[in-house]
Amino acid sequence: MAVYTSLTQDDMLALMADYDLGDLVSFKGISGGVENTNYFVNTTQGKYVLTIFEEFEAEEVPYFLDVVAHFKQGGFNVPAAILDKQGERLKTLKNKPAILVDCFNGDELAKTSTSACHQMGKQLALLHLAGQSFPDQRPSHRGVAWWQATSLSLSTQLPEDEAKLLSEQVASFDAFLEKANTLPMGTIHGDLFYNNTLFEGESLSAIIDFYNACHSWLMYDLAIVVNDWCTDRATGELDMEKYQALISAYRAERELSQDEIDAWGHMLKVAAMRFWLSRLEAWYGAINDPERLAQQHDPKEFKRILQARCDFSPAL
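Summary of the structure given here.

Here is what the cut-offs are and how they apply
Residues numbered from 1 in each chain as written. Predicted model: local features only at pLDDT ≥ 70, side-chain atom pairs only at ≥ 80, totals over all residues. Heavy atoms only, no water. Core = buried A, V, L, I, M, F, W, Y, C linked by side-chain atoms within 4.5 Å. Buried < 20%, exposed > 50% of the residue type's maximum accessible area, 1.4 Å probe, protein only. Helix = DSSP H or I, 4+ residues; strand = E, 2+ residues; numbered from the N terminus. Expected span 1.5 Å × (residues − 1). Pairing = 2+ DSSP bridges. Axes fitted to C-alpha atoms, helices over the stretch in contact; angles between N-to-C directions. Contact = heavy atoms within 4.5 Å. Salt bridge = Lys/Arg side-chain N within 4 Å of Asp/Glu carboxyl O. Polar contact = N/O pair within 3.5 Å; in protein donor to acceptor, adjacent residues only side chain to side chain. Patch = residues over 30% accessible without salt bridge, like charges linked within 9 Å, V, L, I, M, F, W, Y side chains within 5 Å. Areas by Shrake-Rupley, 256 points an atom, 1.4 Å probe, with all protein chains shown as cover. Lys, Arg positive; Asp, Glu negative; His and termini not counted. Charge placed at Lys NZ, Arg CZ, Asp CG, Glu CD. Phe/Tyr/Trp six-rings, centres within 6.5 Å; stacked < 30°, edge-to-face > 60°.

Counting 81 residues, the largest nonpolar core has Trp-147, Tyr-220, Leu-222, Val-226, Trp-229, Trp-264 and Met-267 as its most contacted members. At twelve residues, the largest contribution of residues to this core is made by helix H8 (residues 258–285). With 17 residues, the next largest nonpolar core counts Val-41, Leu-50, Leu-93 and Leu-100 among its residues.

With twelve residues, helix H6 (residues 218–229) should reach 16 Å at 1.5 Å per residue; the first-to-last C-alpha distance of 17 Å fits that figure. Counting buried positions along H6 gives twelve out of twelve residues, so the element sits mostly inside the fold. Buried within H6 are the following residues: Leu-218, Met-219, Tyr-220, Asp-221, Leu-222, Ala-223, Ile-224, Val-225, Val-226, Asn-227, Asp-228 and Trp-229.

What follows covers the sheet that holds strand S4 (residues 91–93). Strands pair in a sheet through their backbones, by hydrogen bonds, and they do so in one of two ways: parallel or antiparallel. As summarised here, the arrangement of the five strands in space is S1-S2-S3-S5-S4, forming an open sheet in which the pairing is antiparallel. A single partner strand is all that each edge strand has here, and the edge strands are strand S1 (24–29) and S4. Direction aside, neighbouring strands of the sheet carry axes that sit 35 degrees apart on average. Of the strand pairs in this sheet, strand S2 (residues 37–43) and strand S3 (residues 47–52) are connected by six bridges, and their pairing is antiparallel. Its bridge partner being in S3, Asn-42 is matched across the sheet by Lys-47. The sheet contacts of helix H1 (residues 9–16) involve S1, S2, S3, S4 and strand S5 (96–102), and relative to S1 the element is tilted by about 120 degrees.

A few words on the pairing of strand S8 (residues 203–207). For S8, a buried count of four out of five residues is recorded, marking the element as mostly surrounded by other parts of the structure. Two successive antiparallel strands, strand S7 (residues 197–200) and S8, enclose a turn made up of two residues, where Gly-201 displays a positive phi of approximately 65 degrees.

Leave glycine aside and you will find that most residues have negative phi; peptide bonds, for their part, are mostly trans. Non-glycine residue Asn-95 carries a positive phi angle of around 65 degrees. Residue Asn-95 is classed as exposed on the basis of its relative accessible area, which comes to 77%. Non-glycine residue Asp-209 carries a positive phi angle of around 60 degrees. Mapping Asp-209 onto the fold places it in the loop between S8 and strand S9 (214–217).

The next thing to look at is the pattern of salt bridges. For the coordinates displayed, the defined rule picks out 14 salt bridges. A salt bridge links Glu-54 to Lys-96; its shortest N-O distance comes to 2.7 Å. With Glu-54 in the loop between S3 and helix H2 (61–73) and Lys-96 in strand S5, this pair connects stretches of sequence that are 42 residues apart. Classification of Glu-54 by relative accessible area gives partly exposed; the value is 21%. For Lys-96, a relative accessible area of 24% corresponds to the partly exposed category. Counted as one network, the salt bridges with shared partners bring together Asp-228, Arg-233, Arg-279 and Glu-301.

Next up on the list: the pairing of S5. Of all seven residues in S5, five are buried; the element is thus mostly enclosed. Strand direction decides the pairing type here: S4 and S5, joined by three bridges, are antiparallel. Within S5, the residue paired with Thr-92 across the bridge is Pro-97. Here S4 folds back onto S5 in antiparallel fashion, the turn holding two residues, of which Lys-94 has a positive phi close to 55 degrees.

Here the focus is the environment of Val-225. Tracing the backbone through its elements, the reader meets Val-225 in helix H6. On a C-alpha basis, the gap between Val-225 and Leu-268 in space is 9.6 Å, while along the polypeptide they are 43 residues apart. Those residues in contact with Val-225, other than ones at most four positions away along the chain, are Met-120, Leu-124, Leu-192, Cys-230 and Leu-246.

Following the sequence through the fold, Arg-274 ends up in helix H8. Here the side chain of Arg-274 touches Asn-212 through a polar contact of 3.4 Å, side chain to side chain.

Taken together, Asp-232, Glu-237, Asp-239, Glu-241 and Asp-311 make up a surface patch of like negative charges. Examined against the element boundaries, Asp-239 turns out to sit in the loop between H6 and helix H7 (240–253). With a relative accessible area of 30%, Asp-239 lands in the partly exposed category.

On to the packing of aromatic side chains. Within the structure shown, the criterion is met by 17 aromatic pairs. A centroid spacing of 5.7 Å and a plane angle of 75 degrees characterise the contact between Phe-173 and Trp-217, whose relative ring orientation is edge-to-face. Placement of Phe-173 in helix H5 (residues 160–177) and of Trp-217 in strand S9 is noted, with a sequence separation of 44 residues between them. According to the relative accessible area criterion, Phe-173 is buried, its value standing at 3%. Since its relative accessible area comes to 11%, Trp-217 is described here as buried. Considering the side-chain rings of Phe-193 and Phe-302, the 5.8 Å spacing of their centres and the 25 degrees angle between planes classify their relative orientation as stacked. Within this pair, whereas Phe-193 is found in the loop between strand S6 (185–188) and S7, its partner Phe-302 is found in helix H10 (residues 300–311), the two being separated by 109 residues in sequence.

Following this line, the structure appears as structure tokens:
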């Protein structure tokens, strides 16, 4: 279970005393996350989710809360931070920043479907249109500078074939960056894997976990989604029926520029490279801690996806 910060009954009672949300009934750690600690919290008034930020300092968190508030105001079903009795949204638990949000109806998908991909394509396009009006242009904390430095630091730890693939892809995208300044940008989710959505039956009910949000290329965010939602996990190859469903729904809501269409192959590869690299960083960072290592995602999944996109990246 990815619960890095353990809370006692007394800890939770003290926290809930700051809110007007009824009496605490129960709380339980949520498995599955790898970056933050999350708890389900049940009270006499409802069900909530407590997030404790394990990687961010308190001064970094308000940006992400502002992003979610912006999208909520735009009509999206997203988890905005709940205000306490003093009107504060950011709390401190065990010397770490924390927030409480509503727990939405719906469940995580076991796997994607063509219908789910179609719904996601539409919602992503609408999210991108809304994100272009968010005023704060914060770069990604795992953007270009990060992947250049991290790929270099990991190169000596990787097998020779992996180090070569990684360095080639970083160099390729560094070259592409010189002509990427015409691509439309906006505030993106940055991590919209299908386990960061909730579905009630066959219907998308919420988009969650905006803690990789940043100002970046809209097509990069689309590529992140395609690589996760439309991929055969065993091979890394695209399921073209799911791919067409997602892309057609996206393009029905947002018109693409010719520069975006031309850059699509690069975006699919860099999105795969970015998540392969972050998984490699987490994996090797936990290599001497068996308990934490067991909580990490397997980097080889995104190595397969990257290799598959190098072999074939479909045109838009």
